[in-house]
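Observations on the model geometry
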Amino acid sequence: MEEPTMAQHPKGDFDLSRAVWQRAEGDDSEGAVEIAFVDDLIGMRNSAEPDGPVLVFTQAEWDAFVAGAQDGEFDLD
């Protein structure tokens, strides 16, 4: 089966062939979150499943996500 080269997003296609995946420095754990910036879209995936689904964000969506994380919006306690 051929690997997909694009992840669909309503704002445009995320070119997986150009993605340079990165994770938090020093995080060598299996299942770490990986991020890639391609043009004006941001992709997020699970490193344990590199051929699995990719979440795709616009810059505005990414900024809102990061701001929410910094404000503790997603804390589990």
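Residues numbered from 1 in each chain as written. Predicted model: local features only at pLDDT ≥ 70, side-chain atom pairs only at ≥ 80, totals over all residues. Heavy atoms only, no water.

Brief notes about the nonpolar core
Ranked by size, the top nonpolar core spans nine residues in total: A7, F14, A19, W21, A36, V38, L41, V54 and V56. Discounting residues that sit within four places of it in the chain, F14 has contacts with T5, M6, A7, A19, W21, A36, V38, L41, I42, G43, V54 and V56. Within the second largest apolar cluster, five residues are counted, among which are I35, I42, M44 and F57. (Core = buried A, V, L, I, M, F, W, Y, C linked by side-chain atoms within 4.5 Å. Buried < 20%, exposed > 50% of the residue type's maximum accessible area, 1.4 Å probe, protein only. Contact = heavy atoms within 4.5 Å.)

Section: the sheet that holds strand β5 (residues 55-58)
On the basis of which strands lie adjacent, the open sheet formed by three strands has the order β3-β4-β5 and antiparallel pairing. Either end of the sheet is taken by a strand with one partner, and the two such strands are β3 (33-38) and β5. This sheet shows a mean twist of 25° between the axes of neighbouring strands, independent of strand direction. Note that strand β4 (residues 41-46) and β5 share four bridges and pair antiparallel. Paired with M44 across the bridge in β5 is L55. Sheet contacts for helix α1 (residues 59-70): β3, β4 and β5; angle to β5, the most-contacted strand, approximately 100°. (Pairing = 2+ DSSP bridges. Helix = DSSP H or I, 4+ residues; strand = E, 2+ residues; numbered from the N terminus. Axes fitted to C-alpha atoms, helices over the stretch in contact; angles between N-to-C directions.)

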